Amino acid sequence: MQLVILYIATAVVFLALDVVGLKNILRPLFERHIGELLVDGFRFVPALVFYLFYIAGLLYFVSWPALKSGAPVQALLGGALFGALTYGTYEFTNYATLKAWSPQMVAVDMVWGICLTGVSAWAGVMIARAVS
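Computed from a prediction, not measured in an experiment: that's the story for all the values here.

Draft legend 1. Up close: helix α3 (residues 72-97). For α3, with 26 residues, the first-to-last C-alpha span of 37 Å sits near the 38 Å given by 1.5 Å per residue. Along α3, the helix axis deviates most sharply at Gly88, where the bend reaches about 30°. Buried within α3 we find Pro72, Ala75, Gly79, Ala80, Phe82, Gly83, Tyr87, Gly88, Glu91 and Asn94. Taken together, the buried residues of α3 touch α1 (2-34), α2 (44-68) and α4 (103-131).

Draft legend 2. Region of the structure containing the nonpolar core. In terms of nonpolar packing, the biggest core is built from 29 residues, with Leu6, Phe14, Phe30, Tyr87, Trp101, Met105 and Val125 touching the most fellow members. If you tally residues by element for this core, the top one is α2, at nine residues. Once residues lying within four places of it in the same chain are set aside, the contact partners of Phe14 are Phe50, Tyr51, Tyr54, Ile55, Tyr87, Leu116, Thr117 and Ser120.

Draft legend 3. Structural detail: the packing of α2 against α4. At a minimum axis distance of 10 Å, the contact between α2 and α4 shows a crossing angle of 55°. Comparing their axes, α4 and α2 come out oblique. Helix-helix and strand crossings are classified by hand; for α2 and α4 the assignment is right-handed. Here Tyr54, Leu58, Val62, Ser63, Ala66 and Leu67 of α2 lie close against α4, whose contacting residues are Thr117, Ala121, Val125, Ala128 and Arg129. Classifying every residue of the contact of α2 with α4 by side-chain character gives eight nonpolar, two polar and one charged.

Draft legend 4. Seen up close, the packing of aromatic side chains. One pass over the full model with this rule turns up 10 aromatic pairs. With centroids separated by 5.3 Å and ring planes inclined at 40°, the aromatic side chains of Phe14 and Tyr54 adopt a geometry described as tilted. Linking Phe14 in helix α1 with Tyr54 in helix α2, this pair joins segments that are 40 residues apart in sequence. Overall, Tyr54 belongs to the buried group, its relative accessible area being 7%. Between Tyr60 and Phe61 the ring centres are 4.9 Å apart and the planes differ by 90°, which places this aromatic pair in the edge-to-face class.

Draft legend 5. Up close: the pattern of salt bridges. Per the stated rule, a full pass over the model turns up one salt bridge. With a closest N to O distance of 3.1 Å, Arg27 and Glu31 form a salt bridge. You can see Arg27 and its partner Glu31 sitting in helix α1, four residues apart, about one turn around the helix. Classification of Glu31 as partly exposed rests on a relative accessible area of 43%.

Draft legend 6. Fine view of the environment of Leu67. By the element assignment, Leu67 lies in helix α2. Classification of Leu67 by relative accessible area gives buried; the value is 7%. C-alpha of Leu67 to C-alpha of Gly79: the two residues are 12 residues apart in sequence and 13 Å apart in space. Look past the residues within four positions of Leu67 in its chain and what remains in contact with it is Gln2, Leu6, Val125, Ala128 and Arg129.

Draft legend 7. Structural context of a nonpolar patch on the surface. A cluster of nonpolar side chains, Leu17, Val73, Leu76, Leu77, Val119, Trp122 and Met126, forms an exposed patch at the surface whose accessible area comes to about 570 Å². Contributions of two or more residues to the nonpolar patch are made by α3 and α4. With respect to the secondary-structure elements, Met126 resides in helix α4. By relative accessible area, Met126 is classed as partly exposed at 34%.

Cut-offs used in this document
- Here the residue index of a chain counts from 1 through its sequence in written order.
- The model is predicted, so local features are restricted to residues of pLDDT at least 70 and side-chain atom pairs to those at 80 or more, both for listing and for counting; the totals for chains, interfaces and linings are taken over all residues.
- Side-chain measures were taken over the full set of non-hydrogen atoms in the model, leaving aside hydrogen atoms and water.
- Put simply, DSSP H or I for four residues or longer makes a helix, DSSP E for two residues or longer makes a strand, and each gets a number counted from the N terminus.
- Given the number of residues in a helix, its expected span is that number minus one, multiplied by 1.5 Å.
- What the bend at a residue measures is the angle between two axes, fitted to the seven residues ending there and to the seven starting there.
- For the exposure calls, accessible area comes from a 1.4 Å probe over protein chains only, and a residue counts as buried if that area is under 20% of its type's maximum, exposed if over 50%, partly exposed in between.
- Contacts were defined at the residue level, with two residues in contact if any of their heavy atoms lie within 4.5 Å.
- Grouping buried Ala, Val, Leu, Ile, Met, Phe, Trp, Tyr and Cys residues that are joined through side-chain atoms within 4.5 Å yields what is termed a nonpolar core.
- Comment: axis = line fitted to C-alpha atoms, over the contacting stretch for helices; angle = value between 0 and 180 degrees taken between N-to-C directions.
- For classification purposes, angles smaller than 35 degrees are called roughly parallel, those larger than 145 roughly antiparallel, those between 65 and 115 roughly perpendicular, and all remaining angles oblique.
- Crossings are assigned a handedness: left-handed for a near helix turned anticlockwise from the far helix by less than a right angle, right-handed for a clockwise turn.
- Asp, Glu, Lys and Arg are counted as charged, while Ala, Val, Leu, Ile, Met, Phe, Trp, Tyr, Cys and Pro are counted as nonpolar; the rest, among them Gly, fall into the polar class.
- Only rings of Phe, Tyr and Trp enter the pairing, Trp through its six-membered ring, and a pair is recorded when the two centres are within 6.5 Å. The plane angle decides the type: under 30 degrees is stacked, over 60 is edge-to-face, the rest tilted.
- The salt bridge criterion pairs a side-chain nitrogen of Lys or Arg with a carboxyl oxygen of Asp or Glu, the two atoms within 4 Å.
- Think of a patch as exposed residues, more than 30% relative accessible area, with no salt bridge, where like charges cluster within 9 Å and nonpolar side chains (Val, Leu, Ile, Met, Phe, Trp, Tyr) cluster within 5 Å.
- The accessible surface values rely on the Shrake-Rupley method and a 1.4 Å probe; as for residues, cover is taken only from the protein chains in view.

Right under this line is the structure:
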């Protein structure tokens, strides 16, 4: 049951923060650089698949071990590293292969992914500890 609580708590925090970040930070930045490539709104199924798997990976590699060892700071730091690796893979691959990808997009999305993932992992562990 603790794992279910951890998953739901992490997902809620991650989604809530990501909606704010995507709407207010990333979408305007990406519109300036690659606006003609963006869809109106978003595609629900691919987004759902991403969030389900990303949160599962975050729990497997970071949050569950941190929760079991009673180390929320480990979740924060491990989540930040996981965010750097995953968002970095996306951003640097795009920057290496796409003409319109800008260093500003790389930097902003990397910082966002690091903060978002670290805070979400930490908050999920803290909530799961408080509820269990």
